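The lines below spell out each chain.
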Amino acid sequence: MRFAQRDREVLQEIQHTGQFIAGEPVRFFEADFAGYCGTQYCVSCGNGLDALTIILRADKVLGNLPENARILVPAHTYIATFLSIVEAGMQPVPVDVNELLLTSDVIESQLANIDAIVAVDLYGKLVDDDVYAFAKANNLPIYTDTAQSHGAVTAMGQKSGSRGRASAFSFYPTKNLGAMGDAGAITCNDPELANMARKIASYGRSSRQVNDVKGMNSRMDTLQAAFLNNRLPFLDNDNKKRFKIAETYIAQIDNELVKLPSDSFIRHNAIHVFPVFVEDRNGFVKFLENHGIQTNCHYEIPPHKQASFAEFNHLNFPQTEDLHRTEVSLPCHPLLEDHDVQEIINAINAYS
Ligand SMILES: Cc1ncc(COP(=O)(O)O)c(C=O)c1O
């Protein structure tokens, strides 16, 4: 374990101080992560779902979103994005993606039906600048689900987390920046939004005994913050290694049964997931398993086809459904050695 020694040290320090909640490492992490993302504020919380829910609730309290606001959301996402909207007392308005992500032409077709947008940097790939420009031109608040894009940077040098009105991060252990349990954070530049988010994450209280809005309890543990402080300095280098693996996959996977993402996929991408698309997904996964290669899937059933969102089950989003039917996530962990990557490529090229 790369961080084992340093993790043991912080665990001992925190045991010694007894500050398991709201200890110094939490404030250090918030300051460092805001600096890293290039935002003025970072408000830590319990997980990524809470981060997005809190943003939406905060903007409702501030009067920037109406009661029951209609929030445009890409159908190709993890179900947490949909759930955050419902948790905030709002209505998801799902739309299909183009290739992998939300695009402005799709938003344009829904302009009359929406109050705001949640864009999702899925697989680590940043949503196009164009989408933010379109939202701005149409006075639509746009929030970003950055749960998968820690450290990604646009062509203009803008970091993930600094685009749109606010962003929601998850530090679930398998994320590019992952804790050793659940943790999340909101980044933004608006002091009112940051203050309200902090208040909502802490029971809605303005001081110890005074609660002026209905809030929730969503805290990043001191311990998780300390673990994240140990890992943040490695994020850029880890993302470089993930990028190199993705470049090698794109250059060397050569099998007509295995469709690669387009070349532009790795541009402005922190490569959280490297997806390939295979008609016989089960057969392919089994084949790789027999070669000792573990894969994953993001995801098998889109939110609008889940039983929990029965109200959307009648909708059809062909691009999203195709992705969910065929997607297989290849290993892209930064600790993979060159020879591991080569073995994976050789196995994929031998699949028939
Ligand atoms: C796109 C996306 N949004 C939101 C979340 C929710 O994050 P968490 O699991 O920390 O609540 C995740 C996490 O898996 C995610 O991948």
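Residues numbered from 1 in each chain as written. Predicted model: local features only at pLDDT ≥ 70, side-chain atom pairs only at ≥ 80, totals over all residues. Heavy atoms only, no water.

Residues Ile 107, Ile 117, Tyr 249, Phe 274 and Phe 284 are the most contacted members of the largest nonpolar core, which totals 49 residues. In terms of residue count, helix H12 (residues 338–350) provides more of this core than any other element does, five residues in total. Both of domain 1 (4–233) and domain 2 (234–350) provide at least three residues apiece to this core. Not counting chain neighbours up to four residues away, the residues in contact with Phe 284 comprise Val 258, Val 276, Val 278, Val 328, Ile 348 and Tyr 351. Residues Cys 45, Ala 58, Ala 168 and Cys 188 belong to the second largest nonpolar core, which totals 34 residues. (Core = buried A, V, L, I, M, F, W, Y, C linked by side-chain atoms within 4.5 Å. Buried < 20%, exposed > 50% of the residue type's maximum accessible area, 1.4 Å probe, protein only. Helix = DSSP H or I, 4+ residues; strand = E, 2+ residues; numbered from the N terminus. Domains from an automatic or database assignment. Contact = heavy atoms within 4.5 Å.)

Attention now moves to the domain arrangement of the protein. The domain boundaries assigned to the protein delineate domain 1 (4–233) and domain 2 (234–350). One C-alpha centre belongs to domain 1, the other to domain 2, and the line joining them spans 25 Å. Across the contact, 36 residues belong to domain 1 and 34 residues belong to domain 2. Summed over both partners, the interface of domain 1 with domain 2 comes to about 2900 Å²; 60% of that surface belongs to carbon and sulfur atoms. When the area that domain 1 buries against domain 2 is broken down by residue, the three leading residues are Tyr 123, Lys 125 and Asn 176, summing to 25%. Put simply, domain 1 and domain 2 have zero salt bridges between them. On the surface where domain 1 and domain 2 come into contact, there are 24 residue pairs in polar contact (both at pLDDT 80 or more). Taken together, the elements giving at least two residues each to the side of domain 1 that touches domain 2 come down to helix H4 (79–87), strand E3 (91–95) and helix H8 (222–231). Residues belonging to the side of domain 1 that touches domain 2 are distributed by class as follows: 20 nonpolar, 11 polar and five charged. (Buried area = accessible area lost by both parts, 1.4 Å probe. Salt bridge = Lys/Arg side-chain N within 4 Å of Asp/Glu carboxyl O. Polar contact = N/O pair within 3.5 Å; in protein donor to acceptor, adjacent residues only side chain to side chain. Nonpolar A, V, L, I, M, F, W, Y, C, P; charged D, E, K, R; others polar.)

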